[in-house]
Amino acid sequence: MKLQRKNRLRATALGALAVSGALVLTACGSDDNSGSTGSTGDKTNAASNIKCDGAKGQLLASGSSAQKNAMDVWVKNYLAACKESTVNYRAISSGEGIVAFNQGRVGFAGSDSALKPDEVEASKKICKGGQGINLPMVGGPIAIGYNLPDVKDLVLDAPTIAKIFNDKIKKWNDPAIVKLNPNAKLPDKAIQHFHRSGDSGTTQNFGKYLGKSAKADWPYEAEKKWPAPNGQAAGGSSDLAAQVKQVEGAIGYFELSYATAQSISTVQVNTGAAAPVAATPENASKAIAAAKVKGTGKDLALDLDYTTKADGAYPLILVTYEIVCDKGNKAETLGSVKSFLNYTASDEGQKALAGIGYAPIPTEINAKVRETIASLS
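This is a predicted model, so every value here is computed, not measured.

1. A short note on the overall build of the protein
Link 1 in the chain: In terms of regular secondary structure, the protein is built from 13 helices and 14 strands.
Link 2 in the chain: In the protein, buried positions account for 54% of the 377 residues.
Link 3 in the chain: Within the protein, counting contacts between residues at least 6 apart in sequence, those at least 24 apart form 74% of the total.
Link 4 in the chain: Entry remark: accessible area of the protein is about 15900 Å², with carbon and sulfur atoms responsible for 50%.

Here it is, written out as structure tokens:
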């Protein structure tokens, strides 16, 4: 049954190419992007600088739904150039992606948080002679989306956000929200806060922000699993955004691209800077630019500053990593992994994300990413 479905998906993509010359990314399972093309011997697409370097066959990957929209763009562009390749990225969750990677089921995994020590140790069974490492590939703001039709430019600060998601502030006209929005027509309406149901790197980054910026009001460890009581749960980022879109009085957290795609209003954060800061790629870039590499060796895990008060710096950020083996990658997929990630880390790959809510990785860090990809074995 699965083989028949896979063949149908492949045929669909080939048919779309024949008719319109455009690659169709088809969803499978949760949020899965796959594509395939015909076959030519071209090493580099004349219309781009994408180097296929002999990549061929199917490359499987899975993980973070935060980078799904980025992967949609990257996979489409890459497969248009590399005619002998098929890339299938399943956007499920960071936690599930790491599990799949450490079970040897994917060539790489996407995660919104770096590998933990026990996850690195587990990866050594798959990465023969090496281990899993973190390659920062895409950054961006975690938007706090809300559904209040008569309220524009809602401003919240970290303590208020923490109290809302910790079920301590229950009404939209709570004095704490009124104080931050003196001119807004806040309704006497119950707040319905939504969170991710499964293990999520976005949840973990959201928790890191609250734990650093609102310690007194957020007493939980930053984990992939949602820690606070009450609230309503949804699957991936797309599901969470859909719930906020549908439910008046709702609030939730997800990557900016999902808010943009569904025209969901987003919170401006009062950080203590001269003015509240909106969730934009440019404002997120200002915060990400201050990140420091905390990983050792080839690992490029980053230390992000969630407490910045710099003017125009949006503090609620995440960086999505691609998890790969530094050594011991499977011979049959190593070429495809290196070729595809070389593209995503290239200037062309990073610029392809402009306009869809993501922030490019800072140049200095990205240079290290490219060096590391070149050394994978």
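2. Quick word on the packing of helix 5 (residues 158-165) against helix 7 (residues 201-213)
The packing of two helices is summarised by the inter-axis angle and the distance between the axes.
Link 1 in the chain: Running from amino to carboxyl end, helix 5 crosses helix 7 at an angle of 125°, the nearest separation of the two axes being 9 Å. One way to sum up the angle between helix 5 and helix 7 is to call them oblique. Here helix 5 and helix 7 pass one another in a crossing that is left-handed. Counted together, Ala-158, Ile-161, Ala-162 and Phe-165 of helix 5 and Phe-206, Tyr-209, Leu-210 and Ser-213 of helix 7 form the full contact between these two elements.

3. Observations regarding unusual backbone geometry
Link 1 in the chain: For Asp-153, which is not a glycine, the phi torsion comes out positive at approximately 55°.
Link 2 in the chain: Within the secondary structure, Asp-153 sits in the loop between strand 5 (132-146) and strand 6 (155-157).
Link 3 in the chain: Take Asp-153: its relative accessible area is 54%, and that puts it in the exposed class.
Link 4 in the chain: Although it is not a glycine, Asn-230 adopts a positive phi angle of roughly 60°.
Link 5 in the chain: As for its placement among the helices and strands, Asn-230 is situated in the loop between helix 7 and strand 8 (232-234).

4. Notes on the packing of helix 2 (residues 68-81) against helix 11 (residues 331-344)
Link 1 in the chain: Their axes nearest at 10 Å, the elements helix 2 and helix 11 cross at an angle of 115°. At the point where helix 2 passes helix 11, the crossing takes the right-handed sense. Taking contact as the criterion, the partners of Met-71, Trp-74, Val-75, Asn-77 and Tyr-78 in helix 2 are, on helix 11, Ser-336, Ser-339, Phe-340, Tyr-343 and Thr-344.
Link 2 in the chain: Class assignment of the residues belonging to the contact of helix 2 with helix 11 gives a composition of six nonpolar, four polar and no charged.

5. Overview of the pairing of strand 5
Link 1 in the chain: A large share of strand 5 lies buried, amounting to 15 of its 15 residues.
Link 2 in the chain: Pairing analysis gives nine bridges linking strand 5 to strand 14 (residues 317-325), with the strands arranged antiparallel. Counted as the bridge partner of Gly-139 is Val-319 from strand 14.
Link 3 in the chain: Two elements, strand 5 and strand 9 (residues 250-255), share five bridges in a ladder whose sense is antiparallel. Paired with Gly-145 across the two strands is Gly-252, which belongs to strand 9.

6. Looking at the packing of aromatic side chains
Link 1 in the chain: Scanning the model with the defined rule gives 10 aromatic pairs in all.
Link 2 in the chain: With a centroid separation of 5.1 Å and 80° between ring planes, the pair formed by Phe-165 and Phe-206 is classed as edge-to-face. Residue Phe-165 is found in helix 5, and its partner Phe-206 is found in helix 7; the two are separated by 41 residues along the sequence. An identical accessibility class is assigned to Phe-165 and Phe-206; each is buried.

7. Quick notes on helix 2
Link 1 in the chain: Across its 14 residues, helix 2 extends 20 Å between first and last C-alpha, which sits within 8% of the 20 Å expected from 1.5 Å per residue.
Link 2 in the chain: Taking burial as the measure, the 14 residues of helix 2 include 10 buried ones, the bulk of the element.
Link 3 in the chain: For helix 2, the complete set of buried residues consists of Lys-68, Asn-69, Ala-70, Met-71, Asp-72, Trp-74, Val-75, Tyr-78, Leu-79 and Ala-81.

8. Quick word on the state of the cysteines
Link 1 in the chain: According to the stated counting rule, one finds two disulfides in the structure shown.
Link 2 in the chain: Each sulfur of the disulfide joining Cys-52 and Cys-82 lies 2.1 Å from the other. Where Cys-52 bonds to Cys-82 through sulfur, the torsion about that S-S bond is close to -95°, and the disulfide is left-handed. Taken together, the residues span a long stretch of sequence, with Cys-52 in the loop between strand 1 (32-36) and strand 2 (57-63) and Cys-82 in the loop between helix 2 and strand 3 (85-91) at a distance of 30 residues. An identical accessibility class is assigned to Cys-52 and Cys-82; each is buried.
Link 3 in the chain: One disulfide in the model links Cys-127 with Cys-325; its S-S distance is 2.0 Å. Torsion about the S-S bond of the Cys-127 and Cys-325 cystine: about -70°, corresponding to left-handed handedness. In this pair, Cys-127 is assigned in the loop between helix 4 (117-123) and strand 5 and Cys-325 in strand 14, connecting sequence segments 198 residues apart. Across the pair, Cys-325 and Cys-127 agree in class, each one buried.
Link 4 in the chain: Once the disulfide-bonded cysteines of the protein are ranked by sequence position, their pairing pattern turns out to be 1-2, 3-4.

Conventions used here
- Residues numbered from 1 in each chain as written.
- Predicted model: local features only at pLDDT ≥ 70, side-chain atom pairs only at ≥ 80, totals over all residues.
- Heavy atoms only, no water.
- Helix = DSSP H or I, 4+ residues; strand = E, 2+ residues; numbered from the N terminus.
- Buried < 20%, exposed > 50% of the residue type's maximum accessible area, 1.4 Å probe, protein only.
- Contact = heavy atoms within 4.5 Å.
- Areas by Shrake-Rupley, 256 points an atom, 1.4 Å probe, with all protein chains shown as cover.
- Axes fitted to C-alpha atoms, helices over the stretch in contact; angles between N-to-C directions.
- Parallel < 35°, antiparallel > 145°, perpendicular 65-115°, else oblique.
- Left-handed = near helix turned anticlockwise from the far one by under 90°.
- Nonpolar A, V, L, I, M, F, W, Y, C, P; charged D, E, K, R; others polar.
- Pairing = 2+ DSSP bridges.
- Phe/Tyr/Trp six-rings, centres within 6.5 Å; stacked < 30°, edge-to-face > 60°.
- Expected span 1.5 Å × (residues − 1).
- Disulfide = S-S within 2.5 Å.

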